[in-house]
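As a plain string of letters, each chain reads:
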Amino acid sequence: MKVVIVGGGVMGTAIACELAQSKLDVTVLERSIPGAEASTAAAGMLAPQLEAQAPGPMLELSMRSRGLYPSWAKTLAAESGVDVAYLESGALQLGYSDAHAHELEATVAWQQAAGLRASLLTGAEVRALEPNAAPEIEAAAHFPDDHQVDPKKLMQALSLAAAKRGVTFKTGYVRGLLQTSGKVDGVDLDGEALKADLTIVAAGSWSSLIPGAAIDPKHLKPARGQMVELVLRLPPVKHILKAGLGYVVPRADGHVICGTTVELAGYDKRVTAEGLSTVLAQATRACPMLKDATVEHFWAGLRPWTEDALPMLGPGSQPGLLIASGHYRNGILLAPITAKLVGQLVRGERTSIDLAPFRPQRFG
Ligand SMILES: Cc1cc2nc3c(=O)[nH]c(=O)nc-3n(C[C@H](O)[C@H](O)[C@H](O)COP(=O)(O)OP(=O)(O)OC[C@H]3O[C@@H](n4cnc5c(N)ncnc54)[C@H](O)[C@@H]3O)c2cc1C
């Protein structure tokens, strides 16, 4: 069976890796290089508890994926020779006022009731754990099982492992899907027909621009996130720190990834003065020591946003088509479970998670 995957981001490459294990003939079609877009712009937080607002299908999907990470990271490192820097850092959601502290208390309560490890810390307890965290922190929710990976290393490892498993990578622009008698049977790659038994659209924010994929740009569009990388001689904190949209992700080597903004600004990847100043203000508020850090790098990436913040995962509008897109803020986290579920769909197995909430056609 011949499978073509449109998009060589974390989704397309992880799915390719999974399908190659089932001895399928898999080709990834990428207009640039693997990981050129959102997948290497990401911070790499594997943090379903930090992200979740309430129990539900997204939390279940995210928790299952987080659970797969330790062995996935090990397998990828063994096959590729690239360590993906999976780091069990834990995470702290910070509150700067009494009102924030009450919100965090409620978050910890529902997460504990859902059986997740979470606890509420006072400001003094936060500073005992993280002496360089801001003195103005009133309270924090501690999520000891939310961790991180380095997305650039992950993309390197994934594409090497995929190639070793026999996946073909082709550079080219997919202009649209080929359709014969109500079935998708391949793609138009730079004006040439590339036939396939199954076509998987995993083109991130661009999925809704692919003619024939039948994804309405109203329901899937880019959400820009601006980022700054700082460097200190030593990591200033051990945990991921987050408050509102602002976060600080400390790598083991003293590099600190700071985010972010969420802007529905179209396909515009500019870093703006306002974006940069917002990101830096958030980061230095959480960890004032960062004011003296060196600015190494700044960039922006486009997250595939969906109207209900759930991915689009499952059969497309016609036979021969699968969609794996719309992972919005959590695509790095959700890559292993997405690959596994697509593998189950392709092999005709029952999926280990109910995909109904993620149906690509759910918006009508
Ligand atoms: C600033 C930022 C921070 C983030 N932080 C985190 C985080 O901490 N944790 C987390 O889990 N997630 C995070 N995310 C989200 C995560 O990065 C995305 O959800 C994920 O990378 C989406 O992967 P993807 O493969 O679907 O899309 P992409 O990585 O965007 O890949 C899509 C690929 O398709 C290619 N393509 C598009 N159209 C075509 C075409 N017509 N023909 C050929 N190729 C095409 C593109 O070149 C691209 O390489 C973050 C995202 C951003 C932007």
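Residue numbers restart at each chain and count upward from 1, following the sequence in its written direction. Whole-chain, interface and lining totals are the exception, using all residues; otherwise, since this is a predicted model, local features are given only for residues with pLDDT of at least 70 and side-chain atom pairs are given and counted only at 80 or more. For side-chain calculations, the full set of non-hydrogen atoms in the structure is used, while hydrogens and water are omitted.

How would you explain the sheet that holds strand S8 (residues 168-171) if you had to name every residue and give the values?
By the convention used here, strands pair only if DSSP detects at least 2 bridges between them. We count a stretch as a helix when DSSP gives it H or I for four or more residues in a row; a strand needs E for two or more, and each element gets its number in order from the N terminus. Here we have 6 strands laid out as an open sheet, ordered S8-S2-S1-S12-S19-S18, and mixed in their pairing. Edge strands, defined here as strands with exactly one partner in the open sheet, are S8 and strand S18 (312-315). When strand polarity is set aside, the average angle formed by the axes of neighbouring strands in this sheet is 20°. One ladder, built from 4 bridges, connects S18 with strand S19 (residues 321-325); its direction is antiparallel. Bridging across to S19, Gly314 finds its partner in Ile323. Residues are treated as being in contact if the distance between any of their heavy atoms lies within 4.5 Å. Fitted lines through C-alpha atoms give the axes, limited to the stretch in contact for helices. The angle between two N-to-C directions lies from 0 to 180 degrees. Packing of helix H1 (residues 10-20) onto the sheet brings it into contact with strand S1 (2-6), strand S2 (25-30), S8, strand S12 (198-201) and S19, and relative to S2 it is tilted by some 170°.

Quick one: what's the story with the sheet that holds strand S10 (residues 183-189), residue by residue and with numbers?
The sheet built from 3 strands is open, its strands ordered S9-S10-S11 with antiparallel pairing. The open sheet has two edge strands with one neighbour each: strand S9 (174-180) and strand S11 (192-195). In this sheet, adjacent strand axes meet at a mean angle of 35° when their direction is disregarded. For S9 and S10, the ladder comprises 5 bridges, and the chain directions are antiparallel. Looking at S10, one finds that Gln179 is bridged to Val184.

Tell me about the packing of H1 against helix H7 (residues 151-164), and please be specific about residues and values.
Contact geometry of H1 with H7 gives a least axis separation of 9 Å together with a crossing angle of 35°. The two elements H1 and H7 cross, and the hand of that crossing is left-handed. Side by side, H1 and H7 meet where Val10, Thr13, Ala14 and Cys17 of the first sit next to Leu154, Met155, Leu158, Ser159, Ala161 and Ala162 of the second. Residues that form the contact of H1 with H7 fall into these classes: 8 nonpolar, 2 polar and no charged. Should the near helix be turned anticlockwise from the far one by less than a right angle, the crossing is termed left-handed; should it be turned clockwise, right-handed. When residues are grouped by polarity, Ala, Val, Leu, Ile, Met, Phe, Trp, Tyr, Cys and Pro land in nonpolar, Asp, Glu, Lys and Arg in charged, and all others, Gly among them, in polar.

Got a sec to walk through the environment of Lys291? Specific residues and values, please.
With respect to the helices and strands, Lys291 occurs in the loop between helix H8 (273-286) and strand S17 (294-306). Distance from Lys291 to Ala281, taken between C-alpha atoms, is 9.2 Å for residues 10 residues apart in sequence.

Which residues make up unusual backbone geometry, and what are the values?
Cis geometry marks the peptide bond from Gly259 to Thr260; its omega dihedral reads -15°. Assignment of secondary structure puts Thr260 in the loop between strand S16 (255-259) and H8. Not every positive phi belongs to a glycine, and Ala214 is a case in point at roughly 55°.

For the environment of Glu105, give the residues involved together with the corresponding values.
Here Glu105 shows up in helix H5 (residues 98-113). Exposure is judged per residue with a 1.4 Å probe applied to protein chains only, and the accessible area is read against the type maximum: over 50% gives exposed, under 20% gives buried, and values in between give partly exposed. Residue class for Glu105 comes out partly exposed when judged on its relative accessible area of 43%. Spatially, the C-alpha atom of Glu105 lies 46 Å from that of Ser22, the residues being 83 residues apart in sequence.

Go over the site of the ligand, please, and point to the residues and values.
The immediate surroundings of the ligand are formed by 37 residues, with Glu30, Ser39, Met45, Tyr328 and Leu333 found nearest. Backbone polar atom of Leu333 to an oxygen atom of the ligand: 2.8 Å apart, as the coordinates give it. Computed by Shrake-Rupley with a 1.4 Å probe, the accessible areas treat only the displayed protein chains as cover when residues are assessed. Coverage of the ligand by the protein amounts to 99% of the 1,000 Å² it exposes when considered alone. Those elements that provide at least two residues to the shell around the ligand are H1, S2, helix H2 (38-41), strand S13 (220-231), S17 and helix H9 (331-346). Top element by residues in the shell around the ligand is S17. It accounts for 4 residues. Looking at the shell around the ligand residue by residue, the class counts come to 20 nonpolar, 12 polar and 5 charged. Domain borders in the structure are assigned automatically or taken from a domain database. In terms of domain composition, the shell around the ligand takes at least three residues from each of domain 1 (2-81 + 151-219 + 308-358) and domain 2 (91-146 + 221-306). Any residue with a heavy atom positioned within 4 Å of a molecule or strand is treated as near that molecule or strand. Under this definition, polar contacts are N or O atom pairs within 3.5 Å; protein pairs additionally need one hydrogen-donor-capable and one acceptor-capable atom, and for neighbouring residues in sequence, both atoms have to be side-chain atoms.

So what's going on with the pairing of strand S6 (residues 139-143)? Residues and values would help.
In terms of burial, S6 is a largely internal element, 5 of the 5 residues being buried. Every second residue of S6 is oriented toward a common face, with Ala139, Ala141 and Phe143 on one face and Ala140 and His142 on the other, all of them buried. Two elements, strand S4 (residues 91-95) and S6, share 5 bridges in a ladder whose sense is antiparallel. Directly across from Leu92, in S6, lies its bridge partner His142.

Run through the domain arrangement of the protein, naming residues and quoting values.
Annotation of the protein at the domain level lists domain 1 (2-81 + 151-219 + 308-358) and domain 2 (91-146 + 221-306). For domain 1 and domain 2, the distance between their C-alpha centres works out to 27 Å. Across the boundary between the two partners, domain 1 contributes 37 residues, which contact 32 residues of domain 2. Buried area counts how much accessible surface, traced with a 1.4 Å probe, disappears from two parts once they are put together, with both parts' losses summed. A buried area of about 2,800 Å², summed over both sides, lies between domain 1 and domain 2, and 57% of it is on carbon and sulfur atoms.

Now, about H9: what can you tell me, with residues and values included?
The reported bend at a residue is simply the angle between two axes, fitted to the 7 residues ending at it and to the 7 residues beginning with it. Of all the bends found along H9, the most pronounced is centred on Ile337 and spans about 30°. Across the 16 residues that make up H9, a large majority, 14, are buried. One or two residues past the end of H9 sits Gly348, with phi positive at roughly 75°.

Outline the pairing of strand S14 (residues 240-243), supporting the account with residue identities and numerical values.
By the bridge criterion, 3 bridges tie S4 to S14 in an arrangement that is parallel. When the sheet's bridge partners are listed, Leu92 is paired in S14 with Leu241. Bridge analysis of S14 against strand S15 (residues 246-250) gives 3 bridges, and the strand direction is antiparallel. Across the sheet, Leu241 pairs through a bridge with Val248, a residue of S15.

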